[in-house]
Amino acid sequence: MIASLAMLVAIGFVTPDPVRIGSKAFTESVILGDLAEQLLNEEGIPALHRRELGGTQVLFHALEAGELDVYPEYTGTIAAEILAGQNLKGEAEIRAALAGRGIGIGRSLGFNNTYAIGMQDTVAAKLGIRTISDLRKHPDLKFGVSNEFIERIDGWPGLRTRYDLPQRDVVGLEHVLAYKALASGEIAATELYSTDAEILALGLRVLRDDLGYFPSYECVWLYRLDLKTRAAKPLRVLERLEGRIDETAMARMNKRAKIDKVVESRVAADFLRETIGVKSKVVSEGFARRLVRRLGEHLFLVAVSLSAAIAVAIPLGVIASRRPLAGVFILSVAGMIQTIPSLALLVFMIPVLGIGAKPALVALFLYSLLPILRNTATGLREVPIGLRESAEALGLPAWSRLWKVEFPLASRGILGGIKTAAVINIGTATIGALIGAGGFGQPILTGIRRDDLTMILWEGAIPAAVLAIAVQAAFDLSERLVVPKGLRL
Amino acid sequence: MIEFQGVSKSYEGRVILPRLDLTLPAGKSTILIGPSGCGKSTLLRLVIGLVRPDTGTVSVEGTLLNPETVTAIRRALGYVIQDGGLFPHLSARDNVALMARHLGWNAGRVDRRLGELAELTRFPLDGLDRFPTQLSGGQRQRVGLMRALMLDPSVILLDEPLGALDPMVRAELQVDLRAIFRELKKTVVMVTHDLGEAGWFADEILLMRDGRIVQRGPLSDLLDIPAEPFVAQFVRAQRQVLEIDGKDRP
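Owing to the predicted nature of the structure, the values given are computational and were not obtained by experimental measurement. All residue numbers refer to position in the chain's written sequence, counted from 1. As they are written, the chains are lettered A onward and the ligands numbered 1 onward, keeping that order. With the structure being a predicted model, the display of local features is reserved for residues of pLDDT at least 70 and the display and counting of side-chain atom pairs for 80 or more, all residues being used for whole-chain, interface and lining totals. Side-chain calculation: all heavy atoms of the structure are included, whereas hydrogens and water are not.

Quick look at the overall build of chain A
By definition, any uninterrupted DSSP run of H or I lasting at least four residues is a helix, any uninterrupted run of E lasting at least two residues is a strand, and each is numbered from the N terminus. Scanning chain A from terminus to terminus reveals 22 helices and 10 strands. Expressed along its principal axes, the backbone C-alpha trace of chain A runs to roughly 100 × 55 × 45 Å. Whether a residue is buried, partly exposed or exposed follows from its accessible area with a 1.4 Å probe, protein chains only, as a fraction of its type maximum: under 20%, in between, or over 50%, in that order. In chain A, buried positions account for 51% of the 489 residues. Contact between two residues is taken to exist if any of their heavy atoms lie within 4.5 Å; hydrogens are not considered. Long-range pairs, those at least 24 residues apart, make up 76% of the contacts in chain A between residues at least 6 apart in sequence. Of the roughly 22,200 Å² that chain A leaves accessible, carbon and sulfur atoms contribute 61%. In this count, Lys and Arg are taken as positive residues and Asp and Glu as negative ones, while His and the chain termini are left out. Charge placement uses NZ in Lys and CZ in Arg. For Asp and Glu, CG and CD serve respectively. The positive charge centre, built from 55 side chains, and the negative charge centre, built from 50, are 6 Å apart in chain A. A 1.4 Å probe and the Shrake-Rupley method give the accessible areas. Residues count as covered only by the protein chains that appear here.

A short note on the overall build of chain B
Of regular secondary structure, chain B possesses nine helices and 10 strands. By the compact-globule yardstick of 18 Å for 250 residues, chain B fits well, its C-alpha radius of gyration being 18 Å. By principal-axis analysis of the C-alpha atoms, chain B measures approximately 55 × 45 × 30 Å. Expressed as a percentage of the 250 residues in chain B, the buried residues total 52%. Note that the radius of gyration is over C-alpha atoms, with the globule rule given as 2.2 Å times the number of residues to the power 0.38.

Some details on the sheet that holds strand 7 (residues 155–159) of chain B
Residue and element names in this part refer to chain B. Only when DSSP finds a minimum of two bridges between them are two strands counted as paired. With respect to topology, six strands assemble into an open sheet ordered 6-7-8-3-9-10, the strand pairing being mixed. Lying at the two open borders of the sheet, with one neighbouring strand each, are strand 6 (77–81) and strand 10 (212–217). Adjacent strand axes in the sheet meet at a mean angle of 15°, parallel and antiparallel pairs treated alike. The pairing of strand 3 (residues 29–33) with strand 9 (residues 204–209) spans four bridges and is parallel. Angular values range over 0 to 180 degrees, each being the angle between N-to-C directions of two axes fitted as lines to C-alpha atoms, with helices fitted over their stretch in contact.

Some details on helix 19 (residues 385–394) of chain A
Side chains of residues three or four places apart in an α-helix project in the same direction, reflecting 3.6 residues per turn. Residues of helix 19 of chain A that are buried include every one of A:Leu387, A:Glu389, A:Ser390, A:Ala391, A:Ala393 and A:Leu394, and no others. On its buried side, helix 19 of chain A packs onto helix 20 (398–428) of chain A together with helix 1 (40–48), helix 2 (70–75), strand 6, helix 3 (92–102) and helix 5 (137–149) of chain B. Looking at the residues trailing helix 19 of chain A, positive phi occurs at A:Gly395, about 95°.

Looking at the domain arrangement of chain A
Residues and elements named next belong to chain A. Domain extents, as shown, originate in an automatic or database domain assignment. For chain A, the domain assignment lists domain 1 (2–110 + 217–276), domain 2 (115–207) and domain 3 (287–487). Spacing between the C-alpha centres of domain 1 and domain 3 amounts to 35 Å. Listed per partner, the contact involves 24 residues of domain 1 and 21 residues of domain 3. Summed over both partners, the accessible surface that disappears when two parts come together, traced with a 1.4 Å probe, is what is meant by buried area. Roughly 1,900 Å² of surface becomes buried between domain 1 and domain 3 when both sides are summed, with 64% attributable to carbon and sulfur atoms. Counted as salt bridges are all cases of a side-chain nitrogen of Lys or Arg within 4 Å of a carboxyl oxygen of Asp or Glu. Inspection of the region where domain 1 meets domain 3 yields zero salt bridges. Pairs of N or O atoms are called polar contacts if they sit within 3.5 Å, as long as, within protein, a hydrogen donor faces a hydrogen acceptor (for residues adjacent in sequence, only side-chain-to-side-chain pairs). Summed over the shared surface of domain 1 and domain 3, the number is four residue pairs in polar contact (both at pLDDT 80 or more). Among the secondary structure elements, those contributing two or more residues to the side of domain 1 that touches domain 3 are helix 1 (2–14), helix 2 (27–42) and helix 3 (56–64). In terms of residue count, helix 1 provides more of the side of domain 1 that touches domain 3 than any other element does, five residues in total. Here the nonpolar group is Ala, Val, Leu, Ile, Met, Phe, Trp, Tyr, Cys and Pro; Asp, Glu, Lys and Arg are the charged ones; every other residue, Gly included, is treated as polar. When the residues that make up the side of domain 1 that touches domain 3 are grouped by side-chain class, the tally is 14 nonpolar, four polar and six charged.

Description of the packing of aromatic side chains
To pair, rings of Phe, Tyr and Trp, with the six-membered ring standing in for Trp, must have centres within 6.5 Å; the planes then decide the type, stacked if under 30 degrees apart, edge-to-face if over 60, and tilted in the middle. One pass over the structure, following the stated rule, counts 11 aromatic pairs over all chains. Residues A:Phe143 and A:Trp156 carry aromatic rings whose centres are separated by 4.9 Å and whose planes lie at 45° to one another, so their mutual orientation is tilted. Placement of the pair is A:Phe143 in strand 6 (residues 143–145) and A:Trp156 in helix 8 (residues 156–163), with a sequence separation of 13 residues. Looking at A:Phe143, the relative accessible area reads 0%, which means it is buried. Consider the rings of A:Tyr213 and A:Phe214, whose centres lie 5.1 Å apart with planes at 65°: the pair is edge-to-face. A:Phe214 shares its class with A:Tyr213; the two are buried. Aromatic ring contacts, followed pair by pair, group A:Tyr115, A:Phe149, A:Tyr193, A:Tyr213 and A:Phe214 into a single cluster. Throughout this description, the term charge over a ring refers to an Arg CZ or Lys NZ atom that lies within 6 Å of the ring centre and within 35 degrees of the ring normal. For the cation-ring pair, B:Arg147 lies above B:Phe87, with the distance from its terminal atom to the ring centre recorded as 4.8 Å.

Section: the pattern of salt bridges
Residues and elements named next belong to chain A. Scanning the entire structure with this criterion turns up 37 salt bridges over all chains. Arginine 95 is the salt-bridge partner of glutamate 91, the closest N and O atoms lying 2.8 Å from each other. With a gap of four residues between them, glutamate 91 and arginine 95 both fall in helix 5 (residues 90–99), about one helical turn apart.

What about the confidence of the model for chain B?
Residue and element names in this part refer to chain B. Confidence per residue, as judged by the predictor, is encoded in pLDDT with a range of 0 to 100. Mean pLDDT over chain B works out to 91, with 96% of the residues at or above the 70 mark. Per-element mean pLDDT across chain B ranges from 75 in helix 9 (residues 229–246) up to 96 in helix 3. Predicted as a complex, the structure gets a pTM of 0.78 and an ipTM equal to 0.89.

Some details on the nonpolar core
Throughout, nonpolar core names a set of buried Ala, Val, Leu, Ile, Met, Phe, Trp, Tyr and Cys residues whose side chains join them through atoms within 4.5 Å. Counting 70 residues, the largest nonpolar core has A:Val58, A:Ile78, A:Leu98, A:Leu222, A:Leu301 and A:Ile372 as the members making the most contacts within it. At 14 residues, the largest contribution of residues to this core is made by helix 18 (residues 357–381) of chain A. A domain split of this core shows at least three residues from each of domain 1 (2–110 + 217–276) and domain 3 (287–487) of chain A. In contact with A:Ile78, not counting residues within four places along its chain, are A:Glu73, A:Leu83, A:Ile94, A:Leu98, A:Ile105, A:Val220 and A:Leu222. Counting 46 residues, the second largest nonpolar core, distinct from the first, contains B:Ile33, B:Val80, B:Ala92 and B:Ala148.

Notes on the interface of chain A and chain B
Each partner contributes to the interface: chain A provides 21 residues, whereas chain B provides 20 residues. Interface of chain A and chain B: buried area, both sides summed, is about 1,800 Å²; carbon and sulfur atoms make up 67% of it. Along the contact surface separating chain A from chain B lie two salt bridges. The partner of A:Glu389 in a salt bridge is B:Arg45, and the shortest N-O contact between them spans 2.6 Å.

So, the side chain of A:Asn112
Residue and element names in this part refer to chain A. Note that asparagine 112 resides in the loop between strand 4 (103–105) and strand 5 (115–120). Residue asparagine 112 is classed as buried on the basis of its relative accessible area of 17%. In this structure asparagine 112 touches Ser194, Ser216, Tyr217, Glu218 and Glu247, once residues within four positions along its chain are discounted.

Thoughts on a nonpolar patch on the surface
Residues and elements named next belong to chain A. Together, Phe287, Leu453, Leu457, Trp458, Ile462 and Val466 give the surface a local cluster of nonpolar side chains, amounting to about 580 Å² of exposed area. Top element by residues in the nonpolar patch is helix 22 (residues 453–482). It accounts for five residues. Note that isoleucine 462 resides in helix 22. Overall, isoleucine 462 belongs to the partly exposed group, its relative accessible area being 31%. Patch definition: residues above 30% relative accessible area lacking any salt bridge, with like charges linked at up to 9 Å and the nonpolar side chains Val, Leu, Ile, Met, Phe, Trp and Tyr linked at up to 5 Å.

Observations concerning the layout of surface pockets
Residue and element names in this part refer to chain A. The calculated volume of the second largest pocket comes to roughly 1,300 Å³. Along the walls of the second largest pocket sit 37 residues, with Phe26, His175, Tyr193, Asp196 and Lys258 positioned nearest its centre. Looking at the lining of the second largest pocket, the elements with two or more residues in it are helix 2, helix 4 (75–82), helix 9 (175–184), helix 10 (197–201), helix 13 (247–258) and helix 21 (441–450). In terms of residue count, the dominant contributor to the lining of the second largest pocket is helix 9 (five residues). Looking at the lining of the second largest pocket residue by residue, the class counts come to 15 nonpolar, eight polar and 14 charged. Using a 1 Å grid laid over the protein atoms alone, points where a 1.4 Å probe fits but cannot get out form a cavity; open sets with protein on both sides within 12 Å along at least 5 of 7 lines form a pocket; any residue with an atom within 4 Å of a point counts as lining. Grid points are joined across faces, edges and corners, and a volume is the space filled by probe spheres set on the points.

Spelled out as structure tokens, the structure:
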């Protein structure tokens, strides 16, 4: 079964190349990914959107590794995170630095998603405030900004210095609460992102950054330069979106998805129809089909990684039980692997293994080693010395002693280790969604992003928990097959 | 015949056997006796290859024991330990047949041999499918003996085989074991700490102390002509037990 599953994956990797679009795990990025996918598909170019692939590091590594062809990125992020420490000035230098890594950069899609200062539109209109400079005339205005913004050098302290703002009444509070406080009039102004859904939902006015204080976070396509040589057409199609999405349009799409809970693909389709004049199909999958597909993805991850871990950890456990020094070494290494945070492990592997199932399988394999290893080594060490000697004294060769005496006697412990590994594995497999491996982690990720507890629970967390319980029950039943009857009396 | 030549053994800095030259005759029952830690079990374990000598050599039936010969020698020896040393995951039948099956005996041959051994050791045939935890101590010891005899070894080594049994069962097994040994005419080497049991089985008793053979001979020699004061002291210490125990003994 495992071999045939592996075959399916292998086939999956060699099907004719669609243009692979990536998106980060937040709504705006997902909408942009859907826009690109639908537009390309409607132009007859096969395209595949790999949604919600975690953060910048995951996306950019995947692009460099050739696992993705294009994804939406922000110029400020490119300068501050991707090319950090290179002290690049201006667009030309950034373009050159990216080109050196085989990556191209498009022109702005038309919006700048940066920090901004927002006020209730009615209040701002009454006071005649349009720009941040206008705030100087109103020293009594109460500011509420996020705790992060208060502390960042490029946040409140810098803003106050640059504009010489007189306001002293500034409180730090959670971003979400700031919107509520703004709506109720407790505070008059807050910092926001210029395409936040709440701008439209709450009727906020975004004050113009007339002194150009905030860095530019223009949204652009980042793409592999070899996409140009492979086929120029996809790029020309994607260029049609450049300059077409302004802050208001993006904020409107964000609002429809986040506040009105319209699925991203529908939001993208509506935008294409209204603004670009392209009709696209929105395919939606029913609950049952989604559940079955994710179950398949999840089981694939667990079955393959666990089988590989069993095949490797049991022999290593045998060695560890025989040679104390090697045992200390093997168990220390496995223990060390266990302490690597899963997201870090996944990101490390992207340059080598790309995104999708492969790095997730390797990570899950590595995490499954320790419980199996430890239980195998301990189980074999705890076989009573008298029984080991009896087997030796009979004249059984070492290999037969292991198979006929020691493994059966240690079977309960070894099976326990495999069971622990399986349950941990099912839980950990949910993080595979961060790098596009699918499974029950996907709805958890989407649900967190959309603030949709129902989706998190019913499509992700509960199915994963039920799966863990089912697998545990299956192992309990298999104990009858694996553990010899004489040990169960 | 079993020969020890210049054999010495220390364990974690403690000398168990200082230096031993010893020959145990074929076809006889030799009983090793002595206080705990005198090295009697180590002698058996040297023969079966569970302990390797620091110096000197051990040979069994003329074959020198070394890493190449140890497996063959083990298969020509039967080894019985206290409480049988049965594998708890295998039925009595599978315990006894384990090695024969490994050697490729067919089912018919295995069953015939099992039948013979069950009769010899007076073990009920229907008990063969029970697991060790479902057997009494005496039954476990009979299964252990069957397992040791399965390949018809020329030498049987027994390390306090009856130590864990209650007196009634023990007495019964003593009778059966001696009858079996006499019938099979095997070379028997048994370790015990019970002088009465030693006398019951022995063609010859070896009394050991601190890795040395203090006296060698029949029980009557040990009782009547002790080779050194320790022998008399050992006999005296056991006499009381011998007399009480003797009443149960046929």
